[in-house]
Protein chains: 2
Amino acid sequence: MSCNTILKAKGYRLTPQRRVILDILHGGDAHLTADIIYEQVRDKVAGVNRSTVYRTLELMESLGLVVKAELHGTHVYHHSEEGHHHHLKCRQCGRVVELPEESMSLLRETLLEKQGFAADLNHHVITGLCRECRE
Amino acid sequence: MSCNTILKAKGYRLTPQRRVILDILHGGDAHLTADIIYEQVRDKVAGVNRSTVYRTLELMESLGLVVKAELHGTHVYHHSEEGHHHHLKCRQCGRVVELPEESMSLLRETLLEKQGFAADLNHHVITGLCRECRE
DNA sequence: TTAATTGCAAACAATTTGCATAGAA
DNA sequence: TTCTATGCAAATTGTTTGCAATTAA
């Protein structure tokens, strides 16, 4: 089911602004900041406001269409169907390593089974000490 | 090894301000925001500055003495020896449920073994849909 | 003594708000 | 026609910075 369909099904309106923002989230890189998204929106359509971007992202997040994560000190967004992955972030050297989705699928199953909780688990940042910094 | 000892061992100074902040982190609730910490510091000692609180928290975090997490939309801090736990946060109703530490210990072992990464994993927030909101 | 740490005040970034208007359904 | 969504401008929140003065070691 497409984002557009989901939006309408829930009674939300599909405005041009939302359409553009969704386009960007689907077409672009992962890890887009609100600011980058805003700039890309402006490149396509003039006169779109920053608060609209924020409001749209918030709505999409609540619907599960968009995932928000904290990375490199800021918030990043990406659409939720994207290839999931996670990050290991060393709290000492700051280095970030990507991690395949499977590494957490066991956890997902456990949570679903024991808590009835359907975890998104599609963009997690785990801090700790990397091999090098453990010396 | 106490925080004080660790600080000194790394060549950092144990100032009254840092002492008070560490006290608060050890004595108080979990989930303290920078702002709450600041207020509690002021209750004990006058004239402490906000930036000192931020700088101290940043230092403690880099040393692994303090853990920072994002919860309820803001950053919360707590000392790292505290009973670890995690959170399941429903992205629809916003409800937050606590989760015991053990639920992620398997993940920790896997990461250590396969990546050589010593994950802190002591205060994670996992978003998803709770049982009720999955309808 | 002296380099690390602090207070101060100001700057900064990211995000949110209220309200009148525009526009999707 | 109706009520959601937007633009605007301003306010807020959270956090960081440069620099001179202070102070732990």
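Basis of the calculations
Residues numbered from 1 in each chain as written. Chains lettered and ligands numbered in written order. Predicted model: local features only at pLDDT ≥ 70, side-chain atom pairs only at ≥ 80, totals over all residues. Heavy atoms only, no water. Near = heavy atom within 4 Å. Polar contact = N/O pair within 3.5 Å; in protein donor to acceptor, adjacent residues only side chain to side chain. Helix = DSSP H or I, 4+ residues; strand = E, 2+ residues; numbered from the N terminus. Nonpolar A, V, L, I, M, F, W, Y, C, P; charged D, E, K, R; others polar.

### What to know about the protein's contact with DNA strand D
The environment of DNA strand D is made up of 22 residues, and the closest members are Arg 13, Thr 15, Gln 17 and Thr 52 of chain A together with His 75 of chain B. Within 4 Å of the protein, the atoms of DNA strand D are drawn from sugar and phosphate moieties in a proportion of 61%. Take Arg 18 of chain A: an N or O atom from its side chain is 2.9 Å from a phosphate oxygen of DNA strand D. For the surface near DNA strand D, the secondary-structure elements that each account for two or more residues are helix H2 (16-27) and helix H4 (50-62) of chain A together with helix H4 (50-63) and strand S2 (74-79) of chain B. In terms of residues, the surface near DNA strand D owes the most to one element, H4 of chain B, which gives four residues. Among the residues making up the surface near DNA strand D, the classes are represented as six nonpolar, nine polar and seven charged.

### Things to note about the protein's contact with DNA strand C
If you check the shell around DNA strand C, you find 21 residues, and the closest are Arg 13 and His 75 of chain A together with Thr 15, Gln 17 and Thr 52 of chain B. Taking the atoms of DNA strand C that fall within 4 Å of the protein, sugar and phosphate contribute 61% of them. One of the side-chain nitrogen or oxygen atoms of Arg 13 of chain A is found 2.7 Å away from a base nitrogen of DNA strand C. Of all the secondary structure elements, the ones that give two or more residues to the surface near DNA strand C are H4 of chain A together with helix H2 (16-27) and H4 of chain B. Counting residues per element, the surface near DNA strand C draws most heavily on H4 of chain A, at four residues.

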